[in-house]
Amino acid sequence: MVVEEITEGVKNLSVAGDAAAAASGAAGEGSKRGGGGNSNRIQVSNTKKPLFFYVNLAKRYMQQHDDVELSALGMAIATVVTVAEILKNNGFAVEKKIRTSTMEINDESRGRPFQKAKIEIVLGKSEKFDELMAAAAEERGEVEDGEEQA
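Residues numbered from 1 in each chain as written. Predicted model: local features only at pLDDT ≥ 70, side-chain atom pairs only at ≥ 80, totals over all residues. Heavy atoms only, no water.

Engineer: Where do I start with the sheet that holds strand β1 (residues 41–43) in this structure?
Structural biologist: Strands belonging to one sheet form pairs held by backbone hydrogen bonds; the direction of such a pair is parallel or antiparallel. Judged by pairing direction, the sheet is mixed, and its four strands sit side by side in the order β1-β2-β4-β3 without closing on themselves. Taken across any chain shown, the strands that pair with only one partner, and hence form the sheet edges, are β1 and β3 (93–107). The sheet shows a mean angle of 20° between the axes of neighbouring strands, direction not considered. Docked against the sheet, helix α4 (residues 77–89) engages β2 (67–73), β3 and β4 (112–125), running at close to 5° with respect to β4. (Pairing = 2+ DSSP bridges. Helix = DSSP H or I, 4+ residues; strand = E, 2+ residues; numbered from the N terminus. Axes fitted to C-alpha atoms, helices over the stretch in contact; angles between N-to-C directions. Contact = heavy atoms within 4.5 Å.)

Engineer: It is not clear to me how the pattern of salt bridges should be interpreted in this structure. Could you clarify?
Structural biologist: When the charged atoms of two side chains lie near each other, side chains of opposite charge can form a pair. A full pass over the atoms with the stated rule returns 10 salt bridges. Note that Glu95 and Lys88 form a salt bridge whose closest N and O atoms lie 2.6 Å from each other. Two residues, Asp130 and Lys125, come together in a salt bridge whose shortest N-O distance is 3.5 Å. Residues joined by salt bridges that share partners form a network here, namely Arg41, Glu69, Arg99, Lys118 and Glu120. (Salt bridge = Lys/Arg side-chain N within 4 Å of Asp/Glu carboxyl O.)

Engineer: Got a minute to help me understand the packing of helix α3 (residues 51–65) against α4 in this structure?
Structural biologist: Helices that pack against each other are described as a pair by the angle of their axes relative to one another and the distance between those axes. The contact between α3 and α4 brings their axes to 10 Å, and the two run at 55°. As the angle between them shows, α3 and α4 are arranged oblique. Considering the relative orientation of α3 and α4, their crossing is right-handed. Within the contact between the two elements, α3 uses Leu51, Phe52, Tyr54, Val55, Ala58, Lys59 and Met62 and α4 uses Thr79, Thr82, Val83, Ile86 and Leu87. Across the contact of α3 with α4, the residue classes break down as nine nonpolar, two polar and one charged. (Parallel < 35°, antiparallel > 145°, perpendicular 65-115°, else oblique. Left-handed = near helix turned anticlockwise from the far one by under 90°. Nonpolar A, V, L, I, M, F, W, Y, C, P; charged D, E, K, R; others polar.)

Engineer: I would appreciate a short explanation of the pairing of β4 in the present structure.
Structural biologist: Two faces make up the sheet, and in a regular strand the side chains alternate between them. With seven bridges joining them, β2 and β4 adopt antiparallel strand pairing. By the bridge assignment, Ala72 is partnered in β4 with Ile119. Relative to β4, β3 runs antiparallel, the two being bridged by 14 bridges. The residue of β4 that forms the bridge with Ile98 is Ile121. Between β3 and β4, which pair antiparallel in sequence order, lie four residues; one of them, Gly111, sits at a positive phi of approximately 80°.

Engineer: Would you take a moment to explain unusual backbone geometry for this structure?
Structural biologist: Among all residues save glycine, negative phi is the norm, and among peptide bonds the norm is trans. Phi is positive for Asp66, which is not a glycine, with a value near 75°. Along the polypeptide, Asp66 turns up in the loop between α3 and β2. Under the relative-accessibility criterion, Asp66 is labelled partly exposed at 48%. (Buried < 20%, exposed > 50% of the residue type's maximum accessible area, 1.4 Å probe, protein only.)

Here you go:
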């Protein structure tokens, strides 16, 4: 039931630039980067949204752009790797590129900058992507039609 709610939320999602999330450099909620960045980049957080929110959002981005870049900092790296593996293992995506790096984050409470791990995973549509998405849409449609006919 939760997955259907998330899927419905992603269907109704309208993506707009979030200058605050882009300026902070922290993992955001799947928003576009402000100021002419990649419109197919999802900044993943491990606390703000459920895992399948990002899985469904990535599918939607791949429908629109043919590929998607998943990005995460620190503890959210495990979440982004899990999202990528779900998409790959279910046949929706193929891995194009993985970049790892560290970022210097300024922390006023520590009084000095510190290094934070960063990962960027670029996934492209698999050959079966459109077929799998059509089958999933048809399956949802059949359930709805079946309820109406009964």
